[in-house]
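Notes for the structure review
Next come the chains, spelled out residue by residue.
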Amino acid sequence: MPNPEVVAYLRSLINKHPVDELRKQLAKDGISDADFDEALKFVLRTPLPKERKPSPAGKIFLFCGLAIVLGTAGVALFNQPSPKDPQPRPQGPEGAFLGKTGYVIRLPEGYEATISAKDFQQALELVHFCKRGTDPTNFVHEGLFGQLGIVRLEVETNRFADSPAAFDQLGRFLDNLLSQRGDKYSKKPLQVSTLKAYQVTIETPFQRTEAYVLGEKVLYVFTAGQDDEIFREIVMSLRETETEM
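Keep in mind it's a predicted model, so treat the numbers as computed, not measured.

1. Comments concerning the overall build of the protein chain
When helices and strands are counted, the protein chain shows nine helices and ten strands. Across the 245 residues in the protein chain, those meeting the buried criterion constitute 40%. For the protein chain, the share of sequence-separated contacts (at least 6 apart) that also reach a separation of at least 24 residues comes to 56%. Carbon together with sulfur atoms contributes 54% to the accessible area of the protein chain, which is approximately 14,000 Å² in total.

2. A short note on the pattern of salt bridges
Two side chains of opposite charge can pair, provided their charged atoms sit close to one another. By the definition in use, this model includes ten salt bridges. Salt-bridge contacts for R181 lead to D183; the nearest nitrogen and oxygen are separated by 2.9 Å. Here R181 falls in the partly exposed class, since its relative accessible area comes to 40%. Relative accessible area serves as the criterion here: at 10%, D183 is assigned to the buried category. The partner of R181 in a salt bridge is E210, with the nearest N and O atoms 3.9 Å apart. Note that R181 is positioned in helix α7 (residues 166-181) and E210 in strand β8 (residues 208-214), a separation of 29 residues in sequence. The structure contains a network of salt bridges with shared partners spanning E142, R152, E154, R181, D183, R208 and E210.

3. Some remarks on the environment of D227
By the element assignment, D227 lies in the loop between β9 (218-224) and α8 (229-236). Separated by 20 residues in sequence, D227 and Q207 have C-alpha atoms that sit 10.0 Å apart. Within the local environment of D227, its side chain forms a polar contact with the side chain of Q199, the two groups lying 3.0 Å apart.

4. Some details on α8
Burial in α8 covers these residues: F231, I234 and V235. Projection of α8 onto a plane perpendicular to its axis shows the buried side chains occupying an angular sector of 95 degrees, all on one side.

5. Here we look at the sheet that holds strand β10 (residues 239-240)
The sheet built from three strands is open, its strands ordered β1-β2-β10 with antiparallel pairing. Every interior strand has two partners, whereas the edge strands, β1 (96-99) and β10, have only one.

Rules of the game
Throughout, residues of each chain are indexed from 1 in the direction in which the sequence is written. Given that this is a predicted model, residues contribute local features only at a pLDDT of at least 70 and side-chain atom pairs are listed and counted only at 80 or more, while totals for whole chains, interfaces and linings are drawn from all residues. Only hydrogens and water are removed before side-chain values are computed, so all heavy atoms of the structure are retained for them. Helix and strand assignments come from DSSP, with helices taken as H or I runs of at least 4 residues and strands as E runs of at least 2, each series counted from the N terminus. Each residue is placed in one exposure class: buried if its accessible area under a 1.4 Å probe, protein chains only, is under 20% of its type's maximum, exposed if it is over 50%, and partly exposed if it falls in between. We call two residues contacting when some pair of their heavy atoms lies within 4.5 Å. Surface accessibility follows the Shrake-Rupley procedure with a 1.4 Å probe radius. Residue values consider only the protein chains on display as shielding. Salt bridges are identified by distance alone: a Lys or Arg side-chain nitrogen within 4 Å of an Asp or Glu carboxyl oxygen. Each polar contact in these results corresponds to two N or O atoms within 3.5 Å; when the atoms are within protein, one needs to be able to donate a hydrogen and the other to accept it, and residues that are neighboring in sequence are counted only if both atoms are side-chain atoms. Along the arc lie the directions from the helix axis toward the C-beta atoms. When DSSP locates at least two bridges between a pair of strands, those strands are taken to pair.

Spelled out as structure tokens, the structure:
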């Protein structure tokens, strides 16, 4: 059973500070990595409560409980400077994101697209779609994607582009990859406009949803915490402007 005070602490700060910073701060207050990981897994498996104004008694109880177990951890975190956010990529007309390899994705309302790195596992382009104001340091924690509504896109060279059986080859490649990783998963075909794709739902080691879309020259790999309206809206809006004009 996870430490309830650590769980409460993570619930209150996980959307405001990077997980690594929370881990480091709690370590200073005597919280072991094992206790931290157990509490973090519990928080990620359960939805965060909607924000509401706590009662005076609730404020006193929470403050006292955290003060006893965690000392001045929260104060130290809030005194740290916020990390510098990557610059969002300029958006196209009507909230569309224009990818550098010649594709367009329509952004959900209240969302922005952020170029996060020039190279990520040899990706040609790495983009995170997230709610405006999301802390970009959370992009490295896939376990937070579901709660924070983050969708990652990796654009890779399409190794199957010249094959007449590209879709079947992609399916076999995914089966081998996911089996080697030891993931428990299910896979189904998906049609994204004129492009063929596979959608993969992974149950362990933590839940997430992926979509592998075969482009004309590139492979689009979408990753989200769950198969929800935001994930479907982003994936299904994908268009390759060079091939569909």
